[in-house]
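Coordinate analysis (summary)
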Amino acid sequence: MAEIRTVRVMENILKTNDYVARRLREAWDQSRTYVVNLISAPGAGKTTLLETTLPVLMGRYRIGVLEGDIETERDADRIRALGVEAVQVTTGGTCHLEASMVEQAWRLMDTELDFLFIENVGNLVCPASFDLGEHLRVVLLSVSEGDDKPAKYPKAFRTAQVLVITKADLLEVMDFSVERARQGALEIQPELQVFVVSAKTGAGIPAWTQFLEQRRRQTFPEA
Ligand SMILES: Nc1nc2c(ncn2[C@@H]2O[C@H](COP(=O)(O)OP(=O)(O)OP(=O)(O)O)[C@@H](O)[C@H]2O)c(=O)[nH]1
Ligand SMILES: [Mg+2]
């Protein structure tokens, strides 16, 4: 009996989340704000990827960032140091962002944004279950985590449209096969677009930022 109740509570939470996520997606479609949700294990390089990506885009686009963390404003401060508006969402223990948290934080921002990046809480499991109304879900896998992670944490890879393999500069010292990671991820999600980048050397960053611009143009064609 208790088990059935637990399942129902979870179903209700997800249903409510989906409802808010739909409302957010409608609002973002209206304001032509292209929204990217970054998911990864702690430390895979989400904030660092933003620190490398934003300077390429910020001259031409209005950009905002929502930073999800269990505690601290540190990631938002790193983004603000670039001169980009950032709102920190501290979840106080919750291991993922929910659409209602994103909605509250987004209401505090300039709503006329071209790109909104959401850095999810560092966790490769829970964030995969929560639609935030994003246009693009990006899962990051760093070279130091190991190339077997797609098979072990399939939902994060199944629900994403893009895989970014990060810290490529560490390939020479780590026993990580890009091909094994790519194949493992494509077996779970054949549509995944894969990028291999290093924020440290800048390798792969132009292809990644051009892809973001192209996706935004496809989603919101010029009138
Ligand atoms: N060598 C190398 N280190 C990197 C690269 N990208 C990030 N790092 C390092 O990895 C560590 C974690 O990076 P963050 O960007 O803070 O990772 P994160 O995913 O935002 O972490 P959480 O927000 O805590 O989940 C930092 O020490 C970065 O300097 C990279 O391309 N190469
Ligand atoms: Mg971070």
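For the structure, see preceding data.
The present account deals with the structure reproduced in this document. (Residues numbered from 1 in each chain as written. Chains lettered and ligands numbered in written order. Predicted model: local features only at pLDDT ≥ 70, side-chain atom pairs only at ≥ 80, totals over all residues. Heavy atoms only, no water.)

**Some thoughts on the environment of S100**
With respect to the secondary-structure elements, S100 resides in helix α4 (residues 99-107). It is 29 Å that separates the C-alpha atoms of S100 and K149, two residues lying 49 residues apart in sequence. (Helix = DSSP H or I, 4+ residues; strand = E, 2+ residues; numbered from the N terminus.)

**As for the coordination of the magnesium ion (ligand 2)**
Distances from the magnesium ion (ligand 2) to its protein donors, T47 (OG1), D75 (OD) and E119 (OE), fall at 2.1 Å. Mapped onto the sequence, the donors of the magnesium ion (ligand 2) take the spacing T-x27-D-x43-E. Here the residue T47 occupies a position in helix α2 (residues 46-57), and E119 occupies one in strand β4 (residues 115-119), the gap between them amounting to 72 residues. According to the relative accessible area criterion, T47 is buried, its value standing at 5%. Under the relative-accessibility criterion, E119 is labelled buried at 3%. (Donors = N, O, S within 2.8 Å, 3.2 Å for Na, K, Ca; no water. Buried < 20%, exposed > 50% of the residue type's maximum accessible area, 1.4 Å probe, protein only.)

**Overview of the pattern of salt bridges**
Close approach of charged atoms lets side chains of opposite charge pair. Using the criterion set out here, one finds 14 salt bridges in the structure. We note a salt bridge from D77 to R80, for which the minimum N-O separation is 2.9 Å. With D77 and R80 both in helix α3 (residues 74-80) and 3 residues apart, this pair spans about one turn of that helix. Taking the relative accessible area as the measure of exposure, D77 reaches 41% and is therefore partly exposed. Using a relative accessible area of 34% as the deciding quantity, one classes R80 as partly exposed. (Salt bridge = Lys/Arg side-chain N within 4 Å of Asp/Glu carboxyl O.)

**Side note on the site of ligand 1**
Among the 18 residues in the neighbourhood of ligand 1, the closest are listed as K46, T47, T48, D169 and A199. One nitrogen or oxygen atom from the side chain of T48 is found 2.5 Å from an oxygen atom belonging to ligand 1. In this structure, an oxygen atom belonging to ligand 1 sits 3.0 Å away from a side-chain N or O atom of K167. The protein chains hide 70% of the 660 Å² of surface that ligand 1 would expose on its own. The set of elements that each furnish at least two residues to the shell around ligand 1 consists of α2 and α3. Considering each element in turn, the shell around ligand 1 owes the most residues, 3 residues, to α2. (Near = heavy atom within 4 Å. Polar contact = N/O pair within 3.5 Å; in protein donor to acceptor, adjacent residues only side chain to side chain. Areas by Shrake-Rupley, 256 points an atom, 1.4 Å probe, with all protein chains shown as cover.)

**A word on helix α7 (residues 178-188)**
Because each turn of an α-helix spans 3.6 residues, side chains separated by three or four positions in sequence point in the same direction. Taken together, the buried positions of α7 are V178, A181, G184, A185 and I188. Along the long axis of α7, the arc covered by the buried residues comes to 135°, so they all point the same way. Contacts made by the buried residues of α7 are with β5 (136-142), α5 (149-152), α6 (154-158), β6 (162-166) and β7 (193-196). (Arc of directions from axis to C-beta. Contact = heavy atoms within 4.5 Å.)

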